[in-house]
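# Fold and contact review
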Amino acid sequence: MKKSLNFLGIAVIAFALSGCASSKSTEIKLRHFDEQNTTEVEDTGRQYGEILFESIKTKNYEMFCQHLTPEAKESMTLKLFNDSCDKLVRQNGKIGEATFLGSFNPNPLMRNFIWKIEFEKESPKADASTKTLVYDRLFTVSLVKIGEDYQVIGFHIM
């Protein structure tokens with residue numbers, strides 16, 4: 001999952017930041033974020049990120065694709081999504097709660113939103129008992145504006 005999610009996030013973001021992305025016969029141009037709409041961008045980014053996180057946690061592909069760019073949707077097939085979700089849980093354990101940490105502006109065409117995600121995993125001990133490990137990973141979601149719409153261009157779990 002980590003490699004799949006990392007690859008998707010990096011590939012889609014790199015593709016879009018070239019200035020425009022072509023999708024078969026159409027050309028999509030990213031727009032700069034309007035400084036007057038900061039609250040709208042923050043609210044939308046948090047909402048879309050929470051939907052994306054919940055879709056991964058519940059393994060809901062339709063919800064997952066809801067706010068992705070067409071290129072991101074095309075990159076993440078149903079099979080890859082299901083395999084990636086299974087691998088994430090297998091490697092990291094049960095997905096717990098997400099806590100929103102903030103956002104940052106890596107460039108004028110994108111906003112990144114970041115959450116801390118808690119995981120719980122059983123770990124065998126030398127005496128044949130198990131211990132529950134609780135640890136955190138970071139989850140970032142990258143938001144762009146295409147036309148008048150905000151869309152998720154990529155995400156990353158690290």
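Residues numbered from 1 in each chain as written. Predicted model: local features only at pLDDT ≥ 70, side-chain atom pairs only at ≥ 80, totals over all residues. Heavy atoms only, no water.

## Quick word on empty space enclosed by the protein
Once rolled over the atoms, a probe with the size of a water molecule shows which space is left empty. Inspection of the entire model under this criterion finds three cavities of 30 Å³ or more. Space inside the second largest cavity adds up to approximately 40 Å³. In terms of lining residues, the second largest cavity is bounded by Tyr48, Ile51, Leu52, Met63, Phe64, Gln66, His67, Leu68 and Val152. If you list the elements that add at least two residues to the lining of the second largest cavity, you get α2 (38–58) and α3 (61–65). Counting residues per element, the lining of the second largest cavity draws most heavily on α2, which supplies three residues. For the lining of the second largest cavity, a count of residues per class yields seven nonpolar, two polar and no charged. (1 Å grid on protein atoms, 1.4 Å probe; cavity = no way out; pocket = protein on both sides within 12 Å on 5 of 7 lines; lining within 4 Å. Points joined across faces, edges and corners; volume = space filled by probe spheres on them. Helix = DSSP H or I, 4+ residues; strand = E, 2+ residues; numbered from the N terminus. Nonpolar A, V, L, I, M, F, W, Y, C, P; charged D, E, K, R; others polar.)

## Considerations on the pattern of salt bridges
With the rule as written, the count across this model stands at five salt bridges. A salt bridge links Lys59 to Asp86, with the nearest nitrogen and oxygen atoms 2.6 Å apart. Residue Lys59 is located in the loop between α2 and α3, and its partner Asp86 is located in helix α5 (residues 78–92); the two are separated by 27 residues in the primary sequence. Using a relative accessible area of 34% as the deciding quantity, one classes Asp86 as partly exposed. (Salt bridge = Lys/Arg side-chain N within 4 Å of Asp/Glu carboxyl O. Buried < 20%, exposed > 50% of the residue type's maximum accessible area, 1.4 Å probe, protein only.)

## Section: the nonpolar core
Among the nonpolar cores identified, the biggest contains 27 residues, and Leu52, Ile56, Phe64, Phe139 and Phe155 are the most heavily contacted of them. Sorting the residues of this core by element identifies α2, α3, α5, β4 (110–124), β5 (130–146) and β6 (149–157) as the ones contributing at least two each. Take this core: its biggest share by element is five residues, from α2. Apart from the residues within four sequence positions on either side, Leu52 is in contact with Phe64, Leu68, Phe139, Val141, Val152 and Phe155. Grouped together as the second largest cluster of nonpolar side chains are six residues, Leu30, Leu109, Met110 and Ile146 included. (Core = buried A, V, L, I, M, F, W, Y, C linked by side-chain atoms within 4.5 Å. Contact = heavy atoms within 4.5 Å.)

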